[in-house]
Amino acid sequence: MDTQRPTKEITTPIDGKKVVLKEWVTGAEMRQIEAVYIEGANYDPNSGERPRMTAETYLRASNKTIEMVIISVDEISENIADLVTEMKKPDYDFVLAEIDAVTKGTAFKKKLS
């Protein structure tokens, strides 16, 4: 992907880990995340029921989202999902809130204001 994309560095509140993340994601990146949900959905279009998602699908999609948004943790750029999920819960929640702002576009909207 383009190497000129703006990034943001955050510091986790408990362990002080330096996390570098993208300031925004592309439509193509969001489609990759959405594909994980769609592939794992248990859905019968004839049933009239809402699609059901397994825990495994949710975890795969969550890991994909982490990998799409986070560039590095303490300058380590391999196994990003593992590095984030192994954080202490308050640090993990802090990072996920930042990821959520990026994937929902609220981080970008704040910057435009």
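An account of the accompanying structure is given in this report.

Criteria and cut-off values
Residues numbered from 1 in each chain as written. Predicted model: local features only at pLDDT ≥ 70, side-chain atom pairs only at ≥ 80, totals over all residues. Heavy atoms only, no water. Helix = DSSP H or I, 4+ residues; strand = E, 2+ residues; numbered from the N terminus. Expected span 1.5 Å × (residues − 1). Buried < 20%, exposed > 50% of the residue type's maximum accessible area, 1.4 Å probe, protein only. Arc of directions from axis to C-beta. Salt bridge = Lys/Arg side-chain N within 4 Å of Asp/Glu carboxyl O. Contact = heavy atoms within 4.5 Å. Axes fitted to C-alpha atoms, helices over the stretch in contact; angles between N-to-C directions. Parallel < 35°, antiparallel > 145°, perpendicular 65-115°, else oblique. Nonpolar A, V, L, I, M, F, W, Y, C, P; charged D, E, K, R; others polar. Pairing = 2+ DSSP bridges. Core = buried A, V, L, I, M, F, W, Y, C linked by side-chain atoms within 4.5 Å.

Describing helix α4 (residues 89-103)
Thought 1: With 15 residues, α4 ought to run about 21 Å at 1.5 Å a step, and its terminal C-alpha atoms sit 21 Å apart, in line with that.
Thought 2: Inspection of α4 places Asp91, Val95, Glu98, Ile99, Ala101 and Val102 among the buried residues, and these make up the whole buried set. With its buried residues spanning 160° around the axis, α4 presents them on a single face.
Thought 3: Just beyond α4, the residue with positive phi is Gly105, at close to 80°.

Focus: the pattern of salt bridges
Thought 1: Using the criterion set out here, one finds eight salt bridges in the structure.
Thought 2: A salt bridge links Lys89 to Asp93, with the shortest nitrogen-to-oxygen separation between them at 2.7 Å. Of the two residues, Lys89 and Asp93 both sit in helix α4, four residues apart, roughly one turn of that helix.
Thought 3: Among the ionic contacts, a cluster of salt bridges with common partners joins Arg5, Lys22 and Glu29.

A closer look at the environment of Val19
Thought 1: By the secondary structure assignment, Val19 is in strand β2 (residues 18-22).
Thought 2: Spatially, the C-alpha atom of Val19 lies 7.2 Å from that of Ile70, the residues being 51 residues apart in sequence.
Thought 3: When sequence neighbours within four positions are dropped, the list of residues in contact with Val19 reads Lys8, Glu9, Ile10, Thr12, Ile70, Ser72, Val73, Met87 and Val95.

Observations regarding the packing of helix α1 (residues 27-40) against helix α2 (residues 55-69)
Thought 1: Remark: α1 packs on α2, axes separated minimally by 9 Å, with the N-to-C direction vectors making an angle of 170°. Between α1 and α2, the interaxial angle falls into the category roughly antiparallel. Contacts between α1 and α2 involve Glu29, Gln32, Ile33, Val36, Tyr37, Glu39 and Gly40 from the first element and Thr57, Arg60, Ala61, Lys64, Thr65 and Met68 from the second.
Thought 2: For the contact of α1 with α2, the residue count by class is five nonpolar, four polar and four charged.

A few points about the sheet that holds β2
Thought 1: The antiparallel open sheet is built from three strands, whose spatial order is β1-β2-β5. Since the sheet does not close on itself, it has two edges, and those belong to β1 (7-11) and β5 (70-73), each with one partner. On average, each strand axis in the sheet is inclined to that of its neighbour by 20°, with strand direction left out of account.
Thought 2: Pairing analysis gives five bridges linking β1 to β2, with the strands arranged antiparallel. Pairing of Glu9 across the sheet is with Val20, part of β2.
Thought 3: This element, α4, spans β1, β2 and β5 of the sheet and lies at about 160° to β1.

Focus: the nonpolar core
Thought 1: Val19, Leu21, Ile66, Ile70, Val84 and Val95 are the most contacted members of the largest nonpolar core, which totals 15 residues.
Thought 2: Counting only elements with at least two residues in this core, the list comes to β2, α2, β5, α3 (80-85) and α4.
Thought 3: If we skip the residues at most four places from it in the chain, Ile70 touches Val19, Val20, Leu21, Ile80, Val84, Val95 and Ile99.

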